[in-house]
Amino acid sequence: MTQNKFMQFMEEKFMPVAGKIGSLRHLVAIRDGFVGIMPLIIIGSLAVLINNFPWDGFQDFMVMVFGENWKSVGDSIWNGSFAILSLLVTASIAYKLAESYEVDGISAALIAVGALVVLTPVTEDFGLSFTWLGAQGLFVAVLTSILATEVFRILTKYERLRIKMPEGVPDGVTKSFNALLPAAIILFSAGLFNTLITAGFDQSIHELVFSVIQEPLQGLSNTMGSALIFAFLNQLLWFFGLHGTNILGPVMESIYLPLIEENQSLFAAGTSAFDVPYIVTKPFFDAYVFMGGSGATLALILAIFLVVKSKHYRTVGKLSSAPGIFNINEPMLFGLPVVLNPMMFIPFLLIPVILTIVAYSAIALGFVPKTVAILPWTTPPILSGYLVTGGSWSGVILQLINLSIATAMYIPFIMAADRSQMKNMGSEDVADHEEKKVSGQ
């Protein structure tokens, strides 16, 4: 298949399907739901990182200033973020999904949270099990939020299930009473379902889903093969102008958040970052593969500064450099452009795959610690490499190696594109150069 036929096939067959998948209501709600709770996830992750920062001088200073129990603040922040991750996700997704249907988002979120609590096992002292309210219960939380909201949406259409209030009653009160009977039906159904599952399988729905689906899936997701698939698909979508991160986000967050949560929990308990179980996590991609954004385009900016002569490319490189440092690469993707540019197709798709192999191998061989912290996605490379590994300079070295590899791979392609650009726009560049000479610039 020639390149033109391949491009035609992708534009006519692949792009419409990918675009429809990316715009599916439920996937959008899941994506936006995870985005909504991301500040709490990042804060909880940073609290763990601060509590366990691997420098004796820092630890001694904190004890001297705040006392022996100074870590209790970070532990409390963890309890308010990662420890109740499933509750947060349930509320956020249910709200976003209800909002897309233009039904009462607050009621949907509260009912969905109530349904999740009904499905969650209790401990011997009748407290809710934090095991399943955290990341380990994420699959059930996502399903519960969607099912509860869909049932709520359907039930609210029936006039007979609405409790009519007198005129003049505040709108908020009316909405809450309208949600009363649908909420009763949903919670009763959740309770009945939970009783049947427990009686039939002698375990909760959380335990059943984790053992049958979630645990095997997490094992597969920690392989190099799965990491390569995600890296490649993300690039392929972006090349055709589709937001790969948003389309794949719901799947990646559901799979990889429990993995980084497990790494963080063990790290907080004193396990070395080398000895935590999971290599492939969301911070793995952010820190070592997508430096500067999808396609490791920070390396493309460096390649432009190193070898490019044309005015257009150098201008785009200058304008893209500041946002690129903070992993914002739309100016480069659409300004160069990279999107739908056949000259950039091979490096844009291939480089993240190569970086994934290098990073995975370095961590698997024990040269670099595994990731134990979630950072804001705008954290610049070098700083992110140090922080995600719990304060190891080997993470920074791996980033520099990957950045060098990516730059070297981009150079021949951007040089070819540069020669073509100079040939097509040479007169303009020469005129600009002569004008500067005459003006003495």
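## Quick look at the overall build of the protein
- Per the secondary structure count, the protein includes 20 helices and zero strands.
- If one aligns the C-alpha atoms of the protein with their principal axes, the spans along those axes are about 80 × 60 × 45 Å.
- Summed over its atoms, the accessible surface of the protein is roughly 21,100 Å², and 67% of this surface lies on carbon and sulfur atoms.
- Here the protein contributes 23 positive and 31 negative side-chain charges, whose respective centroids are spaced 13 Å apart.

## Focus on unusual backbone geometry
- Following Leu336, the chain continues to Pro337 via a peptide bond in cis, the omega torsion being -5 degrees.
- Among the secondary structure elements, Pro337 is positioned in the loop between helix 17 (330–335) and helix 18 (342–364).
- Within the chain, Asp202 stands out as a residue other than glycine whose phi angle is a positive 55 degrees.
- Mapped onto the elements, Asp202 comes out in the loop between helix 10 (180–201) and helix 11 (205–221).
- Residue Asp202 is classed as exposed on the basis of its relative accessible area, which comes to 69%.
- At Ile382, a residue that is not glycine, the phi angle is positive and equals roughly 85 degrees.
- With respect to the helices, strands and loops of the structure, Ile382 is situated in the loop between helix 18 and helix 19 (383–388).

## Considerations on the environment of Leu24
- Following the sequence through the fold, Leu24 ends up in the loop between helix 1 (3–22) and helix 2 (25–51).
- Note on Leu24: relative accessible area 45%, which makes it partly exposed.
- For the pair Leu24 and Gln235, spaced 211 residues apart in sequence, the C-alpha to C-alpha distance is 20 Å.

## Considerations on the packing of helix 2 against helix 5 (residues 85–101)
- For the pair helix 2 and helix 5, interaxial distance at closest approach is 8 Å and the crossing angle is 135 degrees. The angle between helix 2 and helix 5 falls in the class oblique. Remark: the crossing between helix 2 and helix 5 carries right-handed chirality. Contacts between helix 2 and helix 5 involve Arg25, His26, Ala29, Ile30, Asp32, Gly33, Phe34, Gly36, Ile37, Leu40 and Ile41 from the first element and Leu85, Leu88, Val89, Ser92, Ile93, Lys96, Leu97, Ser100 and Tyr101 from the second.
- Within the contact of helix 2 with helix 5, the residues separate by chemical class into 12 nonpolar, five polar and three charged.

## A few points about the pattern of salt bridges
- Inspection of the entire model under this criterion finds four salt bridges.
- Its salt-bridge partner being Arg153, residue Glu150 comes within 2.8 Å of it at the nearest N-O pair. Pair noted here: Glu150 and Arg153 are both in helix 8 (residues 138–155), with a separation of three residues, about one helical turn.
- Its relative accessible area of 15% is what places Glu150 among the buried residues.
- Given a relative accessible area of 17%, Arg153 falls into the buried group.

## Regarding the packing of aromatic side chains
- This structure, assessed with the given rule, holds 11 aromatic pairs.
- Relative to Phe210, the ring of Trp132 lies with its centre 5.8 Å away and its plane at 70 degrees, an arrangement referred to as edge-to-face. Of this pair, Trp132 sits in helix 7 (residues 130–133) while Phe210 sits in helix 11, and the two are 78 residues apart along the sequence.
- With relative accessibility at 9%, the residue Trp132 sits in the buried group.

## Thoughts on helix 10
- For helix 10, with 22 residues, the first-to-last C-alpha span of 31 Å sits near the 32 Å given by 1.5 Å per residue.
- Buried within helix 10 are the following residues: Pro182, Ala183, Ile186, Ala190, Asn194 and Ile197. When helix 10 is viewed along its axis, its buried side chains cluster within an angular range of 100 degrees and face the same direction. Opposite the packed face of helix 10, turned more than 90 degrees from it, sit the exposed residues Phe188, Leu196, Ala199 and Gly200.
- Where helix 10 terminates, the next one or two residues include Asp202, which has phi positive at roughly 55 degrees.

## Examining the environment of Gln214
- For Gln214, the location among the structural elements is in helix 11.
- Assessed through its relative accessible area of 1%, Gln214 is described here as buried.
- Counting along the chain gives 60 residues from Gln214 to Ile154, while the straight-line C-alpha distance between them is 29 Å.
- Those residues within four positions of Gln214 in sequence are excluded, and the remaining contacts are Ala135, Gln136, Leu138, Phe139, Val209 and Pro258.

## Focus: the nonpolar core
- In terms of nonpolar packing, the biggest core is built from 34 residues, with Phe230, Tyr256, Val280, Phe284, Phe285 and Tyr288 touching the most fellow members.
- Listed by contribution, the elements that provide at least two residues to this core are helix 12 (224–239), helix 13 (244–268), helix 14 (282–288), helix 18, helix 19 and helix 20 (393–438).
- At six residues, the largest contribution of residues to this core is made by helix 13.
- Among all residues touching Phe285, those that are not within four sequence positions of it are Ala227, Phe230, Ala231, Met252, Tyr256, Val280 and Phe290.
- Core analysis: the next-biggest nonpolar cluster, separate from the first, contains 31 residues, Trp238, Leu300, Leu333 and Leu355 among them.

Calculation criteria
- Residues numbered from 1 in each chain as written.
- Predicted model: local features only at pLDDT ≥ 70, side-chain atom pairs only at ≥ 80, totals over all residues.
- Heavy atoms only, no water.
- Helix = DSSP H or I, 4+ residues; strand = E, 2+ residues; numbered from the N terminus.
- Areas by Shrake-Rupley, 256 points an atom, 1.4 Å probe, with all protein chains shown as cover.
- Lys, Arg positive; Asp, Glu negative; His and termini not counted.
- Charge placed at Lys NZ, Arg CZ, Asp CG, Glu CD.
- Buried < 20%, exposed > 50% of the residue type's maximum accessible area, 1.4 Å probe, protein only.
- Axes fitted to C-alpha atoms, helices over the stretch in contact; angles between N-to-C directions.
- Parallel < 35°, antiparallel > 145°, perpendicular 65-115°, else oblique.
- Left-handed = near helix turned anticlockwise from the far one by under 90°.
- Contact = heavy atoms within 4.5 Å.
- Nonpolar A, V, L, I, M, F, W, Y, C, P; charged D, E, K, R; others polar.
- Salt bridge = Lys/Arg side-chain N within 4 Å of Asp/Glu carboxyl O.
- Phe/Tyr/Trp six-rings, centres within 6.5 Å; stacked < 30°, edge-to-face > 60°.
- Expected span 1.5 Å × (residues − 1).
- Arc of directions from axis to C-beta.
- Core = buried A, V, L, I, M, F, W, Y, C linked by side-chain atoms within 4.5 Å.

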